[in-house]
Amino acid sequence: MLSLSEHSLDRVLDWRARQSPDAPFLAFQGRAPLSFGAVRSAALDLAFVLHQAGVAPGDRVVTIGSNSLEGVLLWFAIELLGAVDCPINPAFSGQPLRHAINLVDAGLVVADANALPALEALAGELPGLSRCLIYPADPGDLSLPALVAGQPTQVLAPDVGARPPDWRPAGARPSDLCSILFTSGTTGPSKGAMVTHAQAYATALQTVNGLRITSADSLFCANPLFHMSPRFCAVYAAMLTGVQVSYDLNFSPAAWITRIRETRATVTIGHGPLLEMIHAEPERADDADTQLTRIGTSPFPKHLAADFERRFGVKGIETWGMTEVNIPCWHPYDEPLRPGSCGKVLEADYELQVIDPETDAKLPTGSVGEFVVRSRRPWLLSPGYYGNPEATCRAWRNLWFHTGDSGYIDADGWVYFVDRLGDRIRRRAENISSFDIEVVARAHPAVLECAAVGVPSEYASDDDIKLCVVPRPGHALQPMALLAFLAHRLPHHMVPRYIETLAALPRTPTQKIRKAELRRSAVTAATWDRKAAGVSLRALASSGRA
């Protein structure tokens, strides 16, 4: 592979386009594959447009869009310029969207047309924003409005003939920021985890080695592109190895096996709840009749792992990682399935300890405590949270990154994830800020105070959201009315499933809410369940504003 000085996405793209100019690279659902050479040329055209729009090295550019070829080209164009890509979940609206854009202080937002209503609703609330570029969600549709959030808007339509043949973008160094990826908040709103170019390269290389991807392989992915794993473990890994990655616009458990066949994929990635959805589909006699041989997953749900391997004829490679630390733990490829374990530490790159979260003291082998990580090579971990030095210092105390995940390491070095510490909510592979939910819920006129917590869902290592509410004196809180209020102000995946009315929230002597107690109580007879009530969130959100 490339030397450390070349571990930046712009250099990797240049290198691969020279090595395999005509080999197919990106094959988005419903569109013809684009070669490595064609991807580089298109990304350069787009980079020149952004350069003319004033994007310079180090600038933060917010991107918002669903899975698309245009989204990947935009990501590459930003990296070619040495700027910082800040992708935001396209489901965000209201407070979460406002916070994310303002956090990174981006002067430019580039979004697909589906983001227009959410952006327009924030007019006057994005003080740092000076310009919006919009690309059509449908490549043939250029009927876009002239303003977004009160700012001038242009249609992003690169003029292929405009780029001078000798123009070269600035590029980046391995230590430069590649991306800012948003992670869930607990006591505060979502944080922007800074990712270096060397870190992104390392994640891709770890995937290539961990899944033994070679030039004979073909990748398939349907995960949302604003996450770390589809970017670095699929698209970037394909670039390192010169293979095609077939990308779906959305994940469909019912269509998954058909798409694996159609794309002739040999390798794919997934997350625990997604695999559970696939496994829940009716079994067919030909489920293993594909070219798929391995799947990288975090976690590999232990109650179905062995049967998933049998049914689909694949080898599951379980991992553990997070945006801030990449993927320090991999199941060794030649080892048999060990349900419940996320593998062993990549000791050439990382140190991982299990510590007492109260004292930071290292715990004995086999004891459950918090995972802390540090790297053995430069620029391998996140340098911190953008614009949030307090959170950075808390996470990096005593020269270790404190992950907020708990587990243990056995005597043979196998790592086992047990649970999340604190208030982090994880729903269907999305990390969710309880703070963002609470801020919106407290704006309801009948809500005095509230607390959002994760309670176990029907999927392993996955949460549904419960909102515990104390009504204002003299107000009768109606769960349906509150749900409608939230559905119009929160992204779909943040809207609670459960609502529980309480006389008071349990508190510590220092008046902190005892969220652990609310989680332990889970779902009781007094808990209102929107699924049991037959409520359709999409229908609710599309109805008149509450």
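Here the structure is a predicted model, which is why all the values come from computation and not from measurement.

Chemist: Which parts of the structure should I look at to understand the sheet that holds strand β20 (residues 401-409)?
Modeler: Either a parallel or an antiparallel arrangement is found when strands of a sheet pair, and the pairing is made through backbone hydrogen bonds. The antiparallel open sheet is built from 4 strands, whose spatial order is β18-β19-β20-β21. Single-partner strands in this sheet number two, and they are β18 (350-355) and β21 (415-420). Within the sheet, the average angular offset between the axes of one strand and its neighbour, ignoring direction, is 45 degrees. Relative to β20, strand β19 (residues 369-375) runs antiparallel, the two sharing 4 bridges. Counterpart to V372 in the pairing with β20 is H402.

Chemist: Just checking my understanding: could you explain empty space enclosed by the protein for this structure?
Modeler: In this approach a probe as big as a water molecule rolls over the atoms, and the regions it shows empty are the leftover space. Per the counting criterion, the structure on display carries 2 cavities of 30 Å³ or more. Within this model, the largest cavity holds a volume of roughly 160 Å³. Contributing to the lining of the largest cavity are 16 residues, with T63, G65, G71, P87 and R231 lying nearest its centre. The element that contributes the greatest number of residues to the lining of the largest cavity is helix α3 (residues 69-80), accounting for 4 residues. Among the residues making up the lining of the largest cavity, the classes are represented as 10 nonpolar, 4 polar and 2 charged. Those elements that place two or more of their residues in the lining of the second largest cavity are β13 (267-271) and α9 (272-280). Class assignment of the residues belonging to the lining of the second largest cavity gives a composition of 9 nonpolar, 3 polar and no charged.

Chemist: How should I be thinking about the state of the cysteines in this particular structure?
Modeler: Each disulfide consists of one covalent bond between the sulfur atoms belonging to two cysteines. A complete count under the given rule lists 0 disulfides for this structure. Looking at the unpaired C86, the closest cysteine sulfur is the one in C178, lying at 10 Å. When its relative accessible area of 0% is taken as the criterion, C86 is described as buried. Its sulfur unpaired, C450 is 9.2 Å from the next cysteine sulfur, which belongs to C468.

Chemist: Whenever I open this one, the packing of helix α1 (residues 9-19) against helix α2 (residues 36-52) confuses me. Can you help?
Modeler: To characterise two packed helices, one gives the angle between the axes of the helices and the distance between these axes. Between α1 and α2, the least distance of the axes is 8 Å, while the angle of their chain directions is 140 degrees. Between α1 and α2, the angle falls in the class oblique. Classified by chirality, the crossing of α2 by α1 is left-handed. On α2, the residues touching L13, D14, R16 and A17 of α1 are F36, G37, V39, R40 and A43.

Chemist: So what exactly am I meant to see when it comes to the environment of A17 here?
Modeler: Relative to the elements of secondary structure, A17 occurs in helix α1. Residue classification places A17 among the buried positions, given a relative accessible area of 12%. For the pair formed by A17 and F36, sequence separation is 19 residues and the distance between their alpha carbons is 5.1 Å. In contact with A17, not counting residues within four places along its chain, are F36, G37 and R40.

Thresholds applied
- Residues numbered from 1 in each chain as written.
- Predicted model: local features only at pLDDT ≥ 70, side-chain atom pairs only at ≥ 80, totals over all residues.
- Heavy atoms only, no water.
- Pairing = 2+ DSSP bridges.
- Helix = DSSP H or I, 4+ residues; strand = E, 2+ residues; numbered from the N terminus.
- Axes fitted to C-alpha atoms, helices over the stretch in contact; angles between N-to-C directions.
- 1 Å grid on protein atoms, 1.4 Å probe; cavity = no way out; pocket = protein on both sides within 12 Å on 5 of 7 lines; lining within 4 Å.
- Points joined across faces, edges and corners; volume = space filled by probe spheres on them.
- Nonpolar A, V, L, I, M, F, W, Y, C, P; charged D, E, K, R; others polar.
- Disulfide = S-S within 2.5 Å.
- Buried < 20%, exposed > 50% of the residue type's maximum accessible area, 1.4 Å probe, protein only.
- Parallel < 35°, antiparallel > 145°, perpendicular 65-115°, else oblique.
- Left-handed = near helix turned anticlockwise from the far one by under 90°.
- Contact = heavy atoms within 4.5 Å.

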